[in-house]
Amino acid sequence: MTIANTAQADFWASAAGTQWILREATLDTMMAGILNRVLHHAGFQQGEHVLDIGCGTGASCLAAAALVGPKGHVTGVDIAAQLLDRARSRAAEAGASNITLHLADAQTHAFATASVDAIISRFGVMFFEDPIAAFANMALALKPKGRLVFAAWAPPAQVPWFSIPVNVAIARLGKPTPTDPNAPGPMAFQNPERVLKLMDQAGLKNPRCLSETVDLTPPGTLAEVTAFATRVGPASRIMAEFSATDADAAAIEAEIGARFAPYETARGMRVPAGIHFYCAEP
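Residues numbered from 1 in each chain as written. Predicted model: local features only at pLDDT ≥ 70, side-chain atom pairs only at ≥ 80, totals over all residues. Heavy atoms only, no water.

A. Focus on the state of the cysteines. Scanning the entire structure with this criterion turns up zero disulfides. Here Cys55 stays unpaired: no disulfide links it, and the sulfur of Cys61, its closest cysteine neighbor, is 4.2 Å away. You can call Cys61 buried: its relative accessible area is 1%. (Disulfide = S-S within 2.5 Å. Buried < 20%, exposed > 50% of the residue type's maximum accessible area, 1.4 Å probe, protein only.)

B. Focus on helix α9 (residues 192-201). The set of residues buried in α9 consists of Val195, Leu198 and Met199. Down the axis of α9, the buried set is contained in an arc of 100°. They therefore lie on one face. Counted as exposed and oriented over 90 degrees from the buried face of α9: Glu193 and Lys197. Its buried side turned inward, α9 meets α7 (131-139), β5 (142-153), β6 (205-216) and β9 (271-281). Among the residues trailing α9, Gly203 stands out with phi positive, at a value near 95°. (Helix = DSSP H or I, 4+ residues; strand = E, 2+ residues; numbered from the N terminus. Arc of directions from axis to C-beta. Contact = heavy atoms within 4.5 Å.)

C. Examining the layout of surface pockets more closely. Approximately 160 Å³ is the volume attributed to the second largest pocket. Taken together, 14 residues line the second largest pocket, and the ones lying closest to its centre are Leu51, Thr75, Phe111, Ser115 and Val116. Within the lining of the second largest pocket, the residues separate by chemical class into eight nonpolar, six polar and no charged. (1 Å grid on protein atoms, 1.4 Å probe; cavity = no way out; pocket = protein on both sides within 12 Å on 5 of 7 lines; lining within 4 Å. Points joined across faces, edges and corners; volume = space filled by probe spheres on them. Nonpolar A, V, L, I, M, F, W, Y, C, P; charged D, E, K, R; others polar.)

D. Main features of the environment of Gly274. As for its placement among the helices and strands, Gly274 is situated in strand β9. Considering only alpha carbons, one finds Gly274 and Thr108, 166 residues apart in sequence, at a separation of 30 Å. Non-local contacts of Gly274, meaning those with residues more than four positions away in its chain, are made with Trp153, Ala154, Gln158, Val159 and Glu212.

Just geometry here; none of it tells us what the structure is for.
Pasting the structure below:
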C-alpha cells in the first residue's frame, strides 16, 4: 500500500483511533441524520456498486449495503487498520456479505477503472494532503454515469457543537495557536468556493454544493452530552494547550451545559449543524 497521507495514517493508528472506536456508538448516533442525507443525495438503486471513502468503523458501509441489496456491493476504504478491523467485525455481526473492506490511501490506491456506480463519504475526504490528486484518483473508479457525494462541515459559526465549546474555552483560557483553515482536518472543506474549484481542477463534472442544516443527535442527558462535548473535540484541545486546571475544566463544562440547554428536547438533544453536501460526476 502506498500512503501519501502519512500524518493521517499515524494519527489514526494512535490513541485517537482507539478513542473513536470506544465512542463509536455515540458518534454514529450523533451523526445518523448526516449519513441519512448522504444516502439520500446518492440515490442508490438495488444492485449498484458503491465505494465508501474513509469508511471508519463501518456505519456508512452497512447503511449503503442495505440499500443496494444482496446483488449490489459496497467497498469500504480507510487508512486506519484498527478502524477497519472494527468495521469487519460489524459487517460479520450483521451478516453483510456484500461488503468488502480495504486498508488503502484513496489518494494513491489503484482503484479498478469504471467499477462503481457511486462514491460516498461521511466526513472522510477532508484529510488529504493533495485533494486534487485524491479527487482525480477516486473519479477513475466511477462509471461514466456515476456520481460522487460527500459530507463536510460548514464553518464553525454554523455548527454550535463546535462553536459553543470553542468560544467558552477561549473566554476562560484565551485564544489558541492559530491554524491554517485549509489544512487537512475536519474543517478543511468549510468553504464551498474553494472545494468546488478543487473538484473542478480534478476533472470532476458539474461540481455543486448543497448546504443544509441537519440536527446532530448525541445520545444521553444534557449533562452527559455536555461532558462528551467538553472532553472530545476543539474545547479539549484548547484546554490541553493551556494546561487547564480542574477548576477551569469544571467552569468550562458548566458554561457549555448552559449554552447547550436550549437544544434539549423531549426527544433528546437536537443540535443544529450546517453541513455541506458536495456532489459531482466523472
